[in-house]
Amino acid sequence: FLGYFVLGYYLKQCGAKEKLIPVLFVIFGSLITIVGTYIFTIKIAKFYSYFYEYLNLNTLMVSTGVFLLLKRIEISNKRINLLVFKLNECCFGIYLIHPLVLKLFVLIGLDVYMLSPVISILMVSMLCFLFCFFIISCFRKLKYGHLIS
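Residues numbered from 1 in each chain as written. Predicted model: local features only at pLDDT ≥ 70, side-chain atom pairs only at ≥ 80, totals over all residues. Heavy atoms only, no water.

Caption draft 1: Looking closely at the overall build of the protein chain. Within the protein chain, the secondary structure is distributed over six helices and zero strands. By principal-axis analysis of the C-alpha atoms, the protein chain measures approximately 50 × 45 × 30 Å. In the form shown here, the protein chain has an accessible surface area of approximately 11100 Å², with 74% of it arising from carbon and sulfur atoms. Here the protein chain contributes 14 positively and 5 negatively charged side chains, and the mean placements of these two sets differ by 7 Å. (Helix = DSSP H or I, 4+ residues; strand = E, 2+ residues; numbered from the N terminus. Areas by Shrake-Rupley, 256 points an atom, 1.4 Å probe, with all protein chains shown as cover. Lys, Arg positive; Asp, Glu negative; His and termini not counted. Charge placed at Lys NZ, Arg CZ, Asp CG, Glu CD.)

Caption draft 2: Spotlight on unusual backbone geometry. A positive phi is found at Ala-45, a non-glycine position, where the angle reads about 60°. Inspection of the secondary structure puts Ala-45 in the loop between α2 (20-44) and α3 (57-72).

Caption draft 3: Region of the structure containing a positive patch on the surface. Together, Lys-12, Lys-17, Lys-19, Lys-71 and Arg-72 make up a region of like positive charge exposed at the surface. Among the structural elements, Arg-72 can be located in helix α3. Judged by relative accessible area, which is 34%, Arg-72 ranks as partly exposed. (Patch = residues over 30% accessible without salt bridge, like charges linked within 9 Å, V, L, I, M, F, W, Y side chains within 5 Å. Salt bridge = Lys/Arg side-chain N within 4 Å of Asp/Glu carboxyl O. Buried < 20%, exposed > 50% of the residue type's maximum accessible area, 1.4 Å probe, protein only.)

Caption draft 4: Molecular detail of the confidence of the model for the protein chain. When the pLDDT values of the protein chain are averaged, the result is 86; 97% of them are 70 or greater. When mean pLDDT is compared element by element in the protein chain, α2 scores highest at 92, while helix α6 (residues 145-148) scores lowest at 75. (pLDDT = per-residue confidence, 0-100.)

Caption draft 5: The arrangement of the state of the cysteines in detail. Per the stated rule, a full pass over the model turns up zero disulfides. The closest cysteine sulfur to the non-disulfide-bonded Cys-90 is located on Cys-91, 8.9 Å from its own sulfur. Cysteine Cys-138 remains unbridged, with the sulfur of Cys-90 as its closest cysteine sulfur at 9.5 Å. (Disulfide = S-S within 2.5 Å.)

Caption draft 6: Local environment of the environment of Val-23. Note on placement: Val-23 falls in helix α2. In this structure Val-23 comes out as partly exposed when scored by relative accessible area, which is 32%. Taking the C-alpha atoms as reference points, Val-23 and Phe-139, separated by 116 residues in sequence, lie 35 Å from one another.

Caption draft 7: Up close: the side chain of Asn-56. If you trace the backbone, Asn-56 turns up in the loop between α2 and α3. Excluding residues that lie within four positions of it along the chain, Asn-56 makes contacts with Tyr-50 and Phe-51. (Contact = heavy atoms within 4.5 Å.)

Caption draft 8: Representation of α3 within the structure. Between its terminal C-alpha atoms α3 stretches 23 Å, which fits the 22 Å expected from 16 residues at 1.5 Å a residue. Along α3, the residues classified as buried are Asn-58, Thr-59, Met-61, Thr-64, Gly-65 and Leu-68. Those residues of α3 that are buried are in contact with α1 (2-13) and α2. (Expected span 1.5 Å × (residues − 1).)

Caption draft 9: How the structure looks around the packing of α1 against α3. It is at 11 Å that the axes of α1 and α3 come closest, and there the two elements cross at 35°. In this structure, α1 crosses over α3, and the sense of that crossing is right-handed. Packed against α1, whose contacting residues are Tyr-4, Leu-7, Gly-8, Leu-11 and Lys-12, the element α3 presents Thr-59, Leu-60, Ser-63, Thr-64, Phe-67, Leu-68 and Lys-71 at the interface. For the contact of α1 with α3, the residue count by class is six nonpolar, four polar and two charged. (Axes fitted to C-alpha atoms, helices over the stretch in contact; angles between N-to-C directions. Left-handed = near helix turned anticlockwise from the far one by under 90°. Nonpolar A, V, L, I, M, F, W, Y, C, P; charged D, E, K, R; others polar.)

Caption draft 10: View of the nonpolar core. In terms of nonpolar packing, the biggest core is built from 12 residues, these being Cys-90, Ile-94, Ile-97, Val-101, Phe-105, Leu-110, Val-124, Cys-128, Cys-132, Phe-133, Ile-135 and Ile-136. Those elements that place two or more of their residues in this core are α4 (78-107) and α5 (117-141). Of the residues forming this core, the biggest block, six residues, is contributed by α5. The residues touching Cys-132, leaving out its near neighbours within four places in the chain, are Ile-94, Ile-97, His-98 and Val-101. (Core = buried A, V, L, I, M, F, W, Y, C linked by side-chain atoms within 4.5 Å.)

This is the structure we're talking about:
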């Protein structure tokens, strides 16, 4: 996963000059994920999760596109700016802890197979993000918590 950190640093420094590139990355990466998963799931008659793995080209494309799109946003509202700042502080910790939280969710039966995939993927993603944010926020309140995240 080291490549994602290096890519993040590079994109922060350089970014994309073209405004259309991040949008195309998100669209094509998402289409590859959706169409590939659909075709292979039908072909083997079982959910095919290959296109959801972290190190695939389609995942890299979507991640890069979303990063570049979010990088362009300028927020003038002070409350929203404060929230974004808090999220930014916790971002690395959330990234580090989310696989553990997802494993815990699976153990308690909260996974993408419990409902329709569209609903359950959104629900599990949001719950995982919020739970991770809460955990990391609590860690950061400890004396040396900022060193962990």
